[in-house]
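Summary of the model geometry
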Amino acid sequence: MKRLGLIAAAVLLTFTLAACGSANKASEGSNEAAVKNLTIWTTWASDGDTFKAPIDKIVADWNANNPTIQLKVEATAGESYKTKIKTAAAANELPDIFFTWGAGFSKPFAESGTLLPLNEYLNDGTKDRVLAGSLENFTYDDNIYGLPFTLYVGTFFVNEELFDANGIAVPANYEELLTAVKAFREKGINPIAVGGKDLWPSMFYYDVLALREGGADLNLDALKGGTSFEDPVFVEAARKLQELANADAFADGFMGLSRDESEAVFASGQIPMYYNGSWVATALESDSSAIKGKVKAMNFPLVSGTTSSGDEWLGGVNDTFMVSSNTPHKDEAVQVLKYLTENLSNEGYQVGAGLPTWKTTEVDESKINPLLADLVKQTESATGIVPPWDIYLEGQDAEKHKNLVAQLLTNNITPEQFAKEMQAINE
Amino acid sequence: MRDKKAIMIFVLPAFIVYCLIVLLPILISTYYSLLDWNGISQGTFIGIQNYIKLFTGDPIFIKSLWNSILLAVLSVFIQLPISLILALVLASKVKGSRFYRTVYFIPVVMSTVVIGQLWMKIYHPSFGLLNDVLGSLGLDAWKREWLGSESTALGAAFVPIVWQYIGYHMLLMFASAKSIPDDIYEAARIDGATGLKSALHITIPLIKPMLQVSVIFAVIGSLKTFDFIYVLTNGGPVHASEVPSTWMFNNIFNQYLYGYGSAMAIMIILECLLFTVIIQKMFKTEQITY
């Protein structure tokens, strides 16, 4: 009798623990029969995130108009979002619809079959309503997996007030850039902002220099594995980046600063130049910005004697939403996906979060962020767009590229070694 | 204590839970470490190739190992002596010892990310506290890009790590010192041992078991440290401050090398076990009962 009691107690202890874990599940899906609940994951968690307000508005509108399909947004901020979706993909627990990045980032997801191919859903004219070529980054093995909602371009932000106050001319080419850098240094001002701790912000400077040296076609060809990275143009781009670094072009201690930290100094009006994505425009033109109305957005300075024109940009359509192949409501999820991306494209442009990717013109031009409106005009004549390399290359290669740029900036390798190591990716 | 079955049965629930959340994941990771796997699609079995690569084809991992061992040495020889001195002083009934105890313990209860953010502000190259203080003291030549330069990043990241846990070890040692019965001190006083003498010959030998625990915690904590490095430098610049766990994280989540990263995780576990055994052998203390 005593022994039996002991066993019963032990079993009870074990099962109460086990029961704690699964009790929640049953209650969640109870009203699913009438209402289809779809979960959307995003990375816009704080009010400062440019797409936070637009997506909240769009989802609220949808939920009010579609009582049978209810959307729920779950947001996770920053780099941890990447970890979260990778973990979820590995466990096959992706939500119905989720924000992700195209090209190399989502390729493993597509290959493992965790994503829903959208081809059959897009023949209703959707393909013609998005910008030409904007689906390219979301296409793997001829299957389209995502829809675009924002276009970004690498943008050279210039604090004109600082330039004027110090009597320095805004650089139009690389030589003038170098002169401006030295002039600012002499006055004790940090010339260029960059967050080297996050690696990709400094990579932006190399990638745009490579674009300026070699032109869009050659860059794309090299990324695809055609042209060798040991081509003189890539060596020269590396040399120019190192030359800038050795001229102390980048803000003091930039290798230890995150993007947010370095951007804050530019936004406080203490640094004259900053090259990063067009998404920065929103914060710079917000009411709390110290340099509102003093900034000019333009393409990176040209390099004389090369074929690259000012109509070639670093950038692309890379942010997207994709649908999990696991979702029980495939048709509804795709319907929501279309609604969501088209409206985000419009709303996002309206509030200055990014450039539009859907061909809809119901936008009040006067209310648009002037920097973005300016960029839309400048990019209308774009002849070539090259994605930032870490987007195009895959995980390991992207990581290698970013680290090689960091080594260039800290003079750990020569431009020739850089080119050779880069070419090792293609071999 | 005689009913062995009862003991077994009552230990069983906790044992099952322990197996499920500690041993099982380690076993699964060991299996993963034998795969060439991106974490999402199907992996292929490659034997111990990942382990061979760790020690022959990955200078960054070797460097990160040395960095963590350096951190362990710093913890044992800088952090613990400070903790010990504080504990001894506080245990000798100084005025306001409760107040100081709380003050020294505050960093322990704070989140490491918060402390990391705090120290990032202190180290900021343009308007950080440290550079400002150096500047106002006229020591401009000593100013550094603390977290941004390869020569200082590791050292700069170590300071808050060592600093945070001083209070923790102090409390362990303090509690242990307090549990030494007063009559031992009284006897010592009669024999003429006071102050430093009684600390050296009575307190320290009697709290030796706790010192052993502290050393193990400090060494293991250093070997598997992650949070501070991740927040402060993310292993940079150019891997100068990389430790095994940040490099493991980078491999798994940034480079999609799930199998290779798992091999690193297993190596970290083995390394921690090895050091625990070594330290226990080194101390070989006898049980003290009062």
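Because the structure is predicted, anything quoted here is derived from the model rather than measured. (Residues numbered from 1 in each chain as written. Chains lettered and ligands numbered in written order. Predicted model: local features only at pLDDT ≥ 70, side-chain atom pairs only at ≥ 80, totals over all residues.)

Description of the overall build of chain B
How we decide: Helix and strand definitions here come from DSSP, where helices need a minimum of 4 consecutive H or I residues and strands a minimum of 2 consecutive E residues; each element is numbered from the N-terminal end. With C-beta atoms placed from the backbone, a residue counts as buried when 20 or more other C-beta atoms lie within 10 Å of its own, as exposed when 12 or fewer do, and as partly exposed for counts between those limits. Contact between two residues is assigned whenever their backbone-derived C-beta positions fall within 7 Å.
Regarding its fold elements, chain B presents 13 helices and two strands. Out of the 290 residues belonging to chain B, those deemed buried represent 36%. Excluding contacts between residues fewer than 6 apart, the proportion of contacts in chain B whose partners are at least 24 apart in sequence is 70%.

Considerations on the overall build of chain A
For chain A, the helix and strand inventory stands at 17 helices and 13 strands. In terms of its C-alpha atoms, chain A occupies a principal-axis envelope of roughly 90 × 55 × 45 Å. Relative to its 427 residues, chain A shows a buried fraction of 46%. Restricting the contact set of chain A to residue pairs at least 6 apart, pairs at least 24 apart contribute 76%.

Some details on unusual backbone geometry
Even without being a glycine, Asp248 of chain A presents a positive backbone phi close to 55°. Note that Asp248 of chain A resides in the loop between helix H10 (232–246) and helix H11 (259–267). Residue Asn234 of chain B is not a glycine yet carries a positive backbone phi of 55°. Tracing the backbone shows Asn234 of chain B in the loop between helix H11 (227–232) and helix H12 (244–254).

Observations regarding the domain arrangement of chain A
Size of an interface: often given as the accessible area lost when the parts come together. All names here are of chain A. Threshold: Domain boundaries shown here were taken from an automatic or database domain assignment. In this classification, the charged set is Asp, Glu, Lys and Arg, the nonpolar set is Ala, Val, Leu, Ile, Met, Phe, Trp, Tyr, Cys and Pro, and all remaining amino acids, among them Gly, are polar.
If you check the domain split of chain A, you get domain 1 (34–148 + 318–356) and domain 2 (153–315 + 387–426). The C-alpha-based centres of domain 1 and domain 2 are spaced at 30 Å. Between domain 1 and domain 2, the contact holds 10 residues from the first and 12 residues from the second. For the side of domain 1 that touches domain 2, the residue count by class is four nonpolar, five polar and one charged.

Here's the deal with the sheet that holds strand E1 (residues 36–42) of chain A
Residue and element names in this part refer to chain A. In plain terms, the rule: What makes two strands pair is DSSP finding at least two bridges between them. Axis angles are defined between N-to-C directions and span 0 to 180 degrees, where every axis is a line fitted to C-alpha atoms and, for a helix, only to the segment in contact.
Sheet architecture is open: five strands sit in the order E2-E1-E3-E12-E6, paired in mixed fashion. The two strands at the open ends of the sheet, each matched to only one other strand, are strand E2 (69–75) and strand E6 (146–148). Within this sheet the neighbouring strands show an average axis-to-axis angle of 30°, counted without direction. With seven bridges joining them, E1 and E2 adopt parallel strand pairing. Note on E2: the bridge partner recorded for Thr42 is Ala75. With respect to the sheet, helix H2 (residues 52–65) is in contact with E1 and E2, its orientation differing from that of E2 by roughly 160°.

Topic: the interface of chain B and chain A
Counting residues at the interface gives 30 residues for chain B and 31 residues for chain A. When contributions to the side of chain B that touches chain A are tallied by element, the ones reaching two or more residues are helix H1 (4–32) and H12 of chain B. In terms of residue count, the dominant contributor to the side of chain B that touches chain A is H1 of chain B (seven residues). Taken together, the residues that form the side of chain B that touches chain A break down as 17 nonpolar, 11 polar and two charged.

What about the confidence of the model for chain B?
Applicable threshold: As a per-residue quantity, pLDDT reports the predictor's confidence and falls between 0 and 100.
Model confidence for chain B is summarised by a mean pLDDT of 90, while 98% of its residues fall at 70 or above. The complex model carries a pTM of 0.82, and its ipTM stands at 0.83.

Here's the deal with the packing of helix H8 (residues 200–214) of chain A against helix H16 (residues 395–409) of chain A
Residue and element names in this part refer to chain A. The criterion, for reference: Here the angle decides the label: under 35 degrees means roughly parallel, over 145 means roughly antiparallel, 65 to 115 means roughly perpendicular, and every other value means oblique.
Remark: H8 packs on H16, axes separated minimally by 9 Å, with the N-to-C direction vectors making an angle of 80°. The orientation of H8 with respect to H16, classified from their angle, is roughly perpendicular. On H16, the residues touching Trp200, Ser202, Met203 and Tyr206 of H8 are His401, Lys402, Val405, Ala406 and Leu409. Here the residues of the contact of H8 with H16 sort into six nonpolar, two polar and one charged.

With respect to the nonpolar core
The nonpolar side chains of soluble globular proteins are, as a tendency, buried together. Selection rule: Each nonpolar core reported here comprises buried Ala, Val, Leu, Ile, Met, Phe, Trp, Tyr and Cys residues connected via C-beta atoms within 7 Å.
Counting 141 residues, the largest nonpolar core has Ile192 and Leu241 of chain A as its most contacted members. Of the residues forming this core, the biggest block, nine residues, is contributed by H8 of chain A. Contacts of Leu241 of chain A, omitting those with residues within four sequence positions, involve Tyr205, Tyr206, Leu209, Leu408 and Leu409 of chain A. Membership of the second largest hydrophobic core comes to 41 residues, among which are Leu65, Leu90, Met170 and Met264 of chain B.

A short note on the environment of Ala247 of chain A
Residues and elements named next belong to chain A. One can find Ala247 in the loop between H10 and H11. Classification of Ala247 as partly exposed rests on a count of 15 C-beta atoms within 10 Å. Linking Ala247 and Gln70, residues 177 residues apart in sequence, is a C-alpha distance of 56 Å.

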